[in-house]
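This is what each chain is made of:
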Amino acid sequence: MQRVLSRLGIAAEDYADMAGPLGVTPKETIHASGTLKLHHYKPLAESVYRVPVLVVTSLVNQPYILDLVPGQSMVEYLLRQGFDVYLIEWGRPRREHSGLTLEDHVLRLMPECVDAVLRDSGEKELSIIGYCVGGLLSVLYAALTPKAPLKNLVCMAAPINGDGLVSLKAWMGEGFDEEALIEQYGNVPADWVQNTLRALRPFGKLAGAANLLNQIDKEDTVRSNLRMGKWESDNIPFPGGVFKQMVRDFLRGNLLVKGKLEIGGRRVDVSNITAPLLNLLAQEDHITPYASSHPLMAMVGSKVKDELVMKGGHVGLVAGRGALTRMWPALAAWLAPKSI
């Protein structure tokens, strides 16, 4: 990376300035709880669809991957297409938040946000778009809330089948001691999360740097790569309680697919989901492979359910060069007639 910056005549200390400020689409915070903030984005179209959209982000990554900069922002794109967009920012948990569990997120925090969106918009139903772990949380919420005011559900690279996460299962199998990790740190440290994701593709960073050098004369490509790199290095600690449940019940036990997962003493039955479903996947996704996401299609009770597999990887699906020309238009085209 130093060589890249040097070729551009930029000092390493100016790296952040070149990446630029991220997540700048105008918004206001309409609800907060602990570290959580619920944002409402200012409209960017003359007319707005009736049904608001709630974006549920991942627990371990900063949400601005969905709103990098003007022209490279899924949020901005949806706003310009006339959607009324809200977004959950989970925040950065501290040690006192280490006891947060799936129950807290799915049965308390998400319903609070849904209620806040409906109050603010004045509508009686909404669409939910969940990315990565946010997609899993959205599925759990919808399955456990049969009478939820859910008009449409969109999952983007959402892990559903624990057995499909082959690399993670190999690492965090029976010999992995999640209890000791949480006892020591409270929450899973951000750098531990980052190193885990990088270990899934150990030569990915080197390959990316080599590819960037081959495109050194394309300033827009370089800047886009630097934005991605800044985001990828800005992980969030994983709440200890959720992490233990994810390792034990989801990754090892694969209880969701088996129909045996319980949250708050209630069994999660994904067939309870009847809202129209769009499942968006990436062909080269090494974090949430096809085998982990695709089983959702057979599990839901929705009569209307569509699946689109796009070129690219886990991050490229939502923010890469192909997202603007492929995924965002496909998402908007599917959602628009169902948002009137």
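All values derive from a computational prediction rather than experimental measurement. (Residues numbered from 1 in each chain as written. Predicted model: local features only at pLDDT ≥ 70, side-chain atom pairs only at ≥ 80, totals over all residues. Heavy atoms only, no water.)

Q: Can you tell me about the overall build of the protein chain, naming the residues and giving the values?
A: Check the secondary structure of the protein chain and you find 16 helices and ten strands. Looking at the protein chain as a whole, 56% of its 340 residues are labelled buried. In the protein chain, the proportion of contacts linking residues at least 24 apart, taken out of those at least 6 apart, comes to 81%. Total accessible area on the protein chain is roughly 14,700 Å²; 52% of this is exposed by carbon and sulfur atoms. (Helix = DSSP H or I, 4+ residues; strand = E, 2+ residues; numbered from the N terminus. Buried < 20%, exposed > 50% of the residue type's maximum accessible area, 1.4 Å probe, protein only. Contact = heavy atoms within 4.5 Å. Areas by Shrake-Rupley, 256 points an atom, 1.4 Å probe, with all protein chains shown as cover.)

Q: Describe the pattern of salt bridges, with residues and values.
A: The final tally for this structure, using the stated rule, is eleven salt bridges. Taken together, the salt bridges that share partners define one network made up of Arg50, Glu123 and Glu125. (Salt bridge = Lys/Arg side-chain N within 4 Å of Asp/Glu carboxyl O.)

Q: Residues and numbers for the side chain of Asp285, please.
A: Along the chain, the position of Asp285 falls in the loop between β9 (277–282) and α13 (290–293). A polar side-chain atom of Asp285 sits 2.9 Å from a polar atom in the side chain of His314. With residues up to four places along the chain from it excluded, the contact list for Asp285 reads Ala157, Gly312, Gly313 and His314. (Polar contact = N/O pair within 3.5 Å; in protein donor to acceptor, adjacent residues only side chain to side chain.)

Q: Please set out the sheet that holds strand β1 (residues 27–33) residue by residue, giving values where relevant.
A: Here we have eight strands laid out as an open sheet, ordered β1-β2-β4-β3-β5-β6-β9-β10, and mixed in their pairing. This sheet does not close on itself; its edge strands, each paired only once, are β1 and β10 (305–310). Each adjacent strand pair in this sheet contributes to an overall mean axis angle of 20°, direction not counted. Lying on the sheet, helix α4 (residues 102–121) is in contact with β1, β2 (36–41), β3 (53–56), β4 (85–89) and β5 (126–131); it crosses β1 at an angle near 140°. Across the sheet, helix α16 (residues 321–335) is in contact with β3, β5, β6 (150–156), β9 and β10; its angle to β6 comes to roughly 165°. (Pairing = 2+ DSSP bridges. Axes fitted to C-alpha atoms, helices over the stretch in contact; angles between N-to-C directions.)

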